[in-house]
Amino acid sequence: MAPKLEKAINADGRDRSTLAQLSGMALKRFERVVADPGKASVPEVIDIMKALDLKYEDVFPTEAEMSA
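Residues numbered from 1 in each chain as written. Predicted model: local features only at pLDDT ≥ 70, side-chain atom pairs only at ≥ 80, totals over all residues. Heavy atoms only, no water.

A word on the overall build of the chain
Along its length, the chain carries 6 helices and 0 strands. Ordered by position from N to C terminus, the α and β elements of the chain give α-α-α-α-α-α. Against the globule reference of 11 Å for 68 residues, the chain gives a C-alpha radius of gyration of 11 Å, in line with a compact fold. Each principal axis of the C-alpha atoms in the chain carries an extent, and together these give about 35 × 25 × 15 Å. Taken over 68 residues, the chain has a buried fraction of 31%. (Helix = DSSP H or I, 4+ residues; strand = E, 2+ residues; numbered from the N terminus. Rg over C-alpha atoms; globule rule 2.2 N^0.38 Å. Buried < 20%, exposed > 50% of the residue type's maximum accessible area, 1.4 Å probe, protein only.)

Structural notes on the nonpolar core
Of all hydrophobic cores here, the largest spans 18 residues; its most connected members are Ile9, Phe30 and Ile48. Broken down by element, the residue count for this core peaks at 5 residues, all from helix α4 (residues 42-52). Beyond its immediate chain neighbours, meaning those up to four positions away, Phe30 contacts Ile9, Arg16, Leu19, Ala20, Ser23, Met25 and Ile48. (Core = buried A, V, L, I, M, F, W, Y, C linked by side-chain atoms within 4.5 Å. Contact = heavy atoms within 4.5 Å.)

What about the confidence of the model for the chain?
A residue-level look at the chain finds 97% of positions with pLDDT of 70 or above and a mean pLDDT of 88. Taken element by element, the chain is modelled with least confidence in helix α6 (residues 63-67), mean pLDDT 82, and with most confidence in helix α2 (residues 16-23), mean pLDDT 93. (pLDDT = per-residue confidence, 0-100.)

A few points about the environment of Glu6
Residue placement: Glu6 occurs in helix α1 (residues 2-12). For Glu6, a relative accessible area of 27% translates into the label partly exposed. Contacts of Glu6, omitting those with residues within four sequence positions, involve Arg16 and Val34.

Focus: the packing of α2 against α4
Packed helices, taken two at a time, are described by the angle their axes make and the gap between the axes. Close contact between α2 and α4 brings their axes to 8 Å; oriented N to C, the two are set at 110°. By the angle between their axes, α2 is roughly perpendicular relative to α4. As α2 runs across α4, the sense of the crossing is right-handed. Counted together, Leu19, Leu22 and Ser23 of α2 and Asp47, Ile48, Ala51 and Leu52 of α4 form the full contact between these two elements. Of the residues belonging to the contact of α2 with α4, the class tally is 5 nonpolar, 1 polar and 1 charged. (Axes fitted to C-alpha atoms, helices over the stretch in contact; angles between N-to-C directions. Parallel < 35°, antiparallel > 145°, perpendicular 65-115°, else oblique. Left-handed = near helix turned anticlockwise from the far one by under 90°. Nonpolar A, V, L, I, M, F, W, Y, C, P; charged D, E, K, R; others polar.)

Set out below in structure tokens:
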């Protein structure tokens, strides 16, 4: 899960402090969520998804990816 979120954040082009502010969290927390979204709370991941206008499949593995 982390690689897809990391990839989406890198593709966004804005710096991480801006994205953290848009997500409503401190930069350190933002970095921790991005590094390991599986350990983060669902609302934190959703806040990042909303800030970057990401869809579920942009962040989480699809069934096809999980079975491959």
